[in-house]
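Spelled out, the chains give:
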Amino acid sequence: PAYAYRHKNYAKGNAMKKQWFLSFQFDNFGRGALKLREDSLVALSIPARTGSLRDMQGKTVLINSMPAGIWRILDKPVDTTETACVRTENEGWKVRLYTHQGQWTRFLIHPDGAKGGTEGCVGLQEDGLDLRARLTQILKIQTEIFLFANVPSPDSEKADEQKKTA
């Protein structure tokens, strides 16, 4: 199901054309790395987190994390001074995530602000200005950028194939 969608829509057009996408694999504490990839090559990797940790009956649990799935970036990043999206010098940015059907969501990618932890967003653990610049440039040549959050991304399938042949 998710693979069928990804296979059909991710590589639409010229099969030889390189595609940029993001992957975000995170652990049970919401920690991971947001990776910008061109096909299977990692161009940029930034420590990131999602959700907040709460102590519930003596057990630390992750709440309000980004739901696993395939997301889309359709709009360029924008400036903001919202506290949740600012890491340094009152300058921040954010980019909206849409469902794979193109529906608006409250989820964003942004630098993780003063509070620490996010409410479903991908919070970068640095200012992410290089990522912001690259997303802006990529959206000039691609109409969308896919984000694979805690689901297999196209590069992981290539890695699985390489493991099988090794």
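Definitions and cut-offs
Residues numbered from 1 in each chain as written. Predicted model: local features only at pLDDT ≥ 70, side-chain atom pairs only at ≥ 80, totals over all residues. Heavy atoms only, no water. pLDDT = per-residue confidence, 0-100. Contact = heavy atoms within 4.5 Å. Phe/Tyr/Trp six-rings, centres within 6.5 Å; stacked < 30°, edge-to-face > 60°. Helix = DSSP H or I, 4+ residues; strand = E, 2+ residues; numbered from the N terminus. Buried < 20%, exposed > 50% of the residue type's maximum accessible area, 1.4 Å probe, protein only. Core = buried A, V, L, I, M, F, W, Y, C linked by side-chain atoms within 4.5 Å. Pairing = 2+ DSSP bridges. Salt bridge = Lys/Arg side-chain N within 4 Å of Asp/Glu carboxyl O.

1. A short note on the confidence of the model for the protein
Here is step 1: Residues with a pLDDT of 70 or more make up 78% of the protein, whose mean pLDDT is 82.
Here is step 2: The model gives residues 1-16 a pLDDT under 50, and that stretch makes 22 contacts with residues more than four places away or in other chains.

2. Digging into the packing of aromatic side chains
Here is step 1: Applying the stated criterion across every chain yields a total of four aromatic pairs.
Here is step 2: Centre to centre, the rings of Phe21 and Phe148 are 5.6 Å apart; their planes meet at 90°, and the pair counts as edge-to-face. Separated by 127 residues along the polypeptide, Phe21 in strand 1 (residues 20-26) and Phe148 in strand 12 (residues 145-149) bring together distant segments of the chain.
Here is step 3: Classification of Phe21 by relative accessible area gives buried; the value is 0%.
Here is step 4: Here the aromatic rings of Phe24 and Phe26 are separated by 5.1 Å at their centres, their planes lie at 35°, and the arrangement is tilted.
Here is step 5: A residue is classified by how much of its surface remains accessible, and Phe24, at 0% relative accessible area, is buried.
Here is step 6: Here the aromatic residues Phe21, Phe146 and Phe148 are joined through ring pairs into a cluster of three or more.

3. Observations concerning the nonpolar core
Here is step 1: Ranked by internal contacts, the top residues of the largest apolar core, which has 26 residues, are Leu22, Leu34, Ile73, Ile109, Leu124, Leu131 and Leu147.
Here is step 2: If sequence neighbours within four positions are ignored, Leu34 has contacts with Leu22, Ser23, Phe24, Leu44, Ser45, Ile46, Ala48, Ile109, Val122, Leu124, Leu131 and Leu147.
Here is step 3: Formed by five residues, the second largest nonpolar core is a distinct cluster that contains Phe21, Ile70, Phe146 and Val151.

4. Comments concerning the environment of Ala84
Here is step 1: Turning to its location among the elements, Ala84 is positioned in the loop between strand 7 (78-80) and strand 8 (86-88).
Here is step 2: With 26 residues separating them in the primary sequence, Ala84 and His110 have C-alpha atoms 8.2 Å apart.
Here is step 3: Excluding anything up to four places from it in sequence, Ala84 contacts His110, Pro111, Asp112 and Gly113.

5. Observations regarding the pairing of strand 2 (residues 31-38)
Here is step 1: As paired elements, strand 1 and strand 2 share seven bridges and run antiparallel to each other. Its bridge partner being in strand 2, Ser23 is matched across the sheet by Lys35.
Here is step 2: Two successive antiparallel strands, strand 1 and strand 2, enclose a turn made up of four residues, where Gly30 displays a positive phi of approximately 80°.
Here is step 3: Summarising the sheet, strand 2 and strand 3 (residues 41-49) pair through eight bridges and their orientation is antiparallel. Its bridge partner being in strand 3, Gly32 is matched across the sheet by Ala48.
Here is step 4: Between the end of strand 2 and the start of strand 3, which pair antiparallel, lie two residues, with Asp39 showing a positive phi angle near 55°.

6. Points about the pattern of salt bridges
Any two side chains of opposite charge can pair, given that their charged atoms come close.
Here is step 1: Scanning the entire structure with this criterion turns up five salt bridges.
Here is step 2: Here Asp79 makes a salt bridge to Arg132, at a shortest N to O gap of 2.6 Å. You can see Asp79 sitting in strand 7 and its partner Arg132 sitting in helix 2 (residues 129-141), a full 53 residues away along the chain.
Here is step 3: Asp79 sits in the exposed class, given a relative accessible area of 62%.
Here is step 4: Where Arg134 meets Asp130, a salt bridge forms, and the shortest distance between an N and an O atom there is 3.4 Å.

7. Section: unusual backbone geometry
Here is step 1: Although it is not a glycine, Asp39 sits at a positive phi angle of roughly 55°.
Here is step 2: Note on placement: Asp39 falls in the loop between strand 2 and strand 3.

8. Remarks on the side chain of His110
Here is step 1: Mapped onto the elements, His110 comes out in strand 10 (residues 104-111).
Here is step 2: Note on His110: relative accessible area 3%, which makes it buried.
Here is step 3: Among residues more than four places away in sequence, those in contact with His110 are Ala84, Cys85, Trp93, Lys94, Thr118, Cys121, Val122, Gly123 and Leu124.

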